[in-house]
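# Descriptive analysis of the structure
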Amino acid sequence: MTTASPSPRARSTRQRAAVSAALDEIQDFRSAQELHDLLRHRGDSVGLTTVYRTLQSLADAGEVDVLRTADGEAVYRRCSSGHHHHLVCRSCGRTVEVEGPAVERWADAVAAEHGFSDISHTLEIFGTCAACSGGACSGVG
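Since the structure is predicted, the reported quantities are computational estimates derived from the model, not experimental observations. (Residues numbered from 1 in each chain as written. Predicted model: local features only at pLDDT ≥ 70, side-chain atom pairs only at ≥ 80, totals over all residues. Heavy atoms only, no water.)

With that settled, consider the environment of Y76. Positionally, Y76 belongs in strand β3 (residues 74–77). Separated by 21 residues in the primary sequence, Y76 and L55 place their C-alpha atoms 7.5 Å from one another. (Helix = DSSP H or I, 4+ residues; strand = E, 2+ residues; numbered from the N terminus.)

What follows is the structure, given as structure tokens:
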């Protein structure tokens, strides 16, 4: 999970509202290109550069989480506001938010053992969901 300090609210525009609405509708992480395609199919006229810029602004403000795929591409998702981790299907992108109290205790213990304080961490777990494992996956999460 990406955590960022909230920045001043960005200027509200029709394009920003369209990107934000698209993020509200999806459950899985999507790339800027995938969000741009979704917007185009919905009839929203938003340029790809604007989508990238808006997503970066939302990420900087802590309003979306950002993951890097295996090939290094950034993917975005609006998540809950509390600290959490993600379980992500490598095949279809299905994403589940999970809490990990054992991970939190482990991170605190390792930090303390080595004299670190004020720690932060991210943990994303990648695997194959049951639908993809069983061959019933539609390819879209």
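Further notes follow.
We now examine the confidence of the model for the protein. Per-residue confidence for the protein averages 85 on the pLDDT scale, and 88% of its residues sit at or above 70. Predicted confidence in the protein is weakest over strand β5 (residues 95–98), with a mean pLDDT of 85, and strongest over helix α2 (residues 32–42), with 95. A low-confidence stretch, residues 1–8 stays under pLDDT 50, and its non-local contacts, those more than four residues away or across chains, total 19 contacts. (pLDDT = per-residue confidence, 0-100. Contact = heavy atoms within 4.5 Å.)

With that settled, consider the sheet that holds β5. Pairing in this open sheet of three strands is mixed, and the strands run β5-β4-β6 from one edge to the other. The open sheet terminates on both sides in strands that have one partner only, identified here as β5 and β6 (124–127). On average, each strand axis in the sheet is inclined to that of its neighbour by 20°, with strand direction left out of account. In this structure, strand β4 (residues 85–89) lies alongside β6, joined through four bridges in parallel fashion. Across the sheet, residue V88 finds its bridge partner in β6, namely F126. (Pairing = 2+ DSSP bridges. Axes fitted to C-alpha atoms, helices over the stretch in contact; angles between N-to-C directions.)

Among the nonpolar cores identified, the biggest contains 17 residues, and V19, L23, L35, L39, V51 and L55 are the most heavily contacted of them. Breaking this core down by element, the ones donating at least two residues are α1 (14–25), α2, α3 (48–60) and β3. V19 has contacts with L39, V46, V51, T54, L55 and L58, leaving out every residue within four places of it along the chain. (Core = buried A, V, L, I, M, F, W, Y, C linked by side-chain atoms within 4.5 Å. Buried < 20%, exposed > 50% of the residue type's maximum accessible area, 1.4 Å probe, protein only.)

Let us look at the packing of α1 against α3. Relative orientation and spacing of two packed helices are given, respectively, by the angle between their axes and the distance between those axes. Relative to each other, α1 and α3 sit at 70°, their axes nearing to 10 Å. Taken as axis vectors, α1 and α3 run roughly perpendicular relative to one another. When you trace α1 past α3, the crossing you get is right-handed. Residues Q15, R16, V19 and L23 of α1 touch α3, and the partners they reach there are T50, V51, T54, L55, S57 and L58. Of the residues belonging to the contact of α1 with α3, the class tally is five nonpolar, four polar and one charged. (Parallel < 35°, antiparallel > 145°, perpendicular 65-115°, else oblique. Left-handed = near helix turned anticlockwise from the far one by under 90°. Nonpolar A, V, L, I, M, F, W, Y, C, P; charged D, E, K, R; others polar.)

A few words on the environment of V64. Tracing the chain through its elements places V64 in the loop between α3 and β2 (65–68). Taking the relative accessible area as the measure of exposure, V64 reaches 0% and is therefore buried. Sequence separation between V64 and S20 is 44 residues; the distance between their C-alpha atoms is 9.6 Å. Beyond its immediate sequence surroundings of up to four residues, V64 is in contact with L23, L55, L58, A59, Y76, R77 and R78.

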